[in-house]
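These are the residues of each chain, in order.
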Amino acid sequence: MTETQPSVSSVALKYGFIGALVSVVFTAVLLITGVNVSGWIGSLGYLILIAFMVIAMKEYKKQNYGYMSYGQGLGIGTLVSLAFGVLGGVFMFIYTSFVDPEYTSNMMDKQRIELEERGMSDEQIEQAIAMGESFSSPMMMIVWSIVGYLFIGFLISLIVAAVMKNKRPEFE
């Protein structure tokens, strides 16, 4: 009897894009209500990422007769993270380009106030703001979103895949 294995990429991308849409809606609600997205509430978005990694891995195991290797789990988690990064980056690009073009300058103003409160000199503040502006253009937001989610998602996947793996026995 020949068993066909489900595709890691199809399961991961399906749940990755569904989860990314949930995350985009969550972020949009935070932005519309004026809640600081970079604060602790914004980090709750990572719980959405973890939840959809777990859901994708469970679905893969269900389709694969209860089995999933560590490598398959790591691949699923990383692809879910990639979907989050792409959709999150595109959303922020659209938001900062069309919906709220002042978003970046407002964030830079908040950053300036924080740096002043820390007692930094005007020269240090100007250097920090200039560096921040170079990294916060709309196109760079897409790049940093993808890179950031891939890095964090990979690290999270290392743990989640280790917990959820169920390797097929060698001799069946």
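Residues numbered from 1 in each chain as written. Predicted model: local features only at pLDDT ≥ 70, side-chain atom pairs only at ≥ 80, totals over all residues. Heavy atoms only, no water.

A word on helix H4 (residues 103-117)
The end-to-end C-alpha separation of H4 is 21 Å, in line with the 21 Å expected for 15 residues at 1.5 Å each. What H4 keeps buried is the set Tyr103, Thr104, Met108 and Leu115. For H4, the angular spread of buried residues about the axis comes to 130°, placing them on one side. Looking at the buried residues of H4, the elements they touch are helix H1 (8-33), helix H3 (70-99), helix H5 (122-135) and helix H6 (138-164). Note on H4: the residue one or two positions beyond its end, Gly119, has a positive phi of about 85°. (Helix = DSSP H or I, 4+ residues; strand = E, 2+ residues; numbered from the N terminus. Expected span 1.5 Å × (residues − 1). Buried < 20%, exposed > 50% of the residue type's maximum accessible area, 1.4 Å probe, protein only. Arc of directions from axis to C-beta. Contact = heavy atoms within 4.5 Å.)

Some points on the environment of Leu74
Structurally, Leu74 can be placed in helix H3. On the basis of relative accessible area, Leu74 is assigned to the buried category, the value being 17%. When the C-alpha positions of Leu74 and Leu158 are compared, they lie 6.1 Å apart, and in sequence the two are 84 residues distant.

Here we look at the confidence of the model for the protein chain
Counting all residues, the mean pLDDT for the protein chain is 90, and 98% of those residues have values of 70 or more. Here H5 stands out as the element of the protein chain with the lowest mean pLDDT, 83, in contrast to helix H2 (residues 45-63), whose mean of 96 is the highest. (pLDDT = per-residue confidence, 0-100.)

Notes on a nonpolar patch on the surface
Residues Met131, Phe135, Val143, Trp144 and Val147 make up a contiguous nonpolar surface patch of about 480 Å² in total accessible area. In terms of residue count, H6 provides more of the nonpolar patch than any other element does, 3 residues in total. Assignment of secondary structure puts Val143 in helix H6. (Patch = residues over 30% accessible without salt bridge, like charges linked within 9 Å, V, L, I, M, F, W, Y side chains within 5 Å. Areas by Shrake-Rupley, 256 points an atom, 1.4 Å probe, with all protein chains shown as cover. Salt bridge = Lys/Arg side-chain N within 4 Å of Asp/Glu carboxyl O.)

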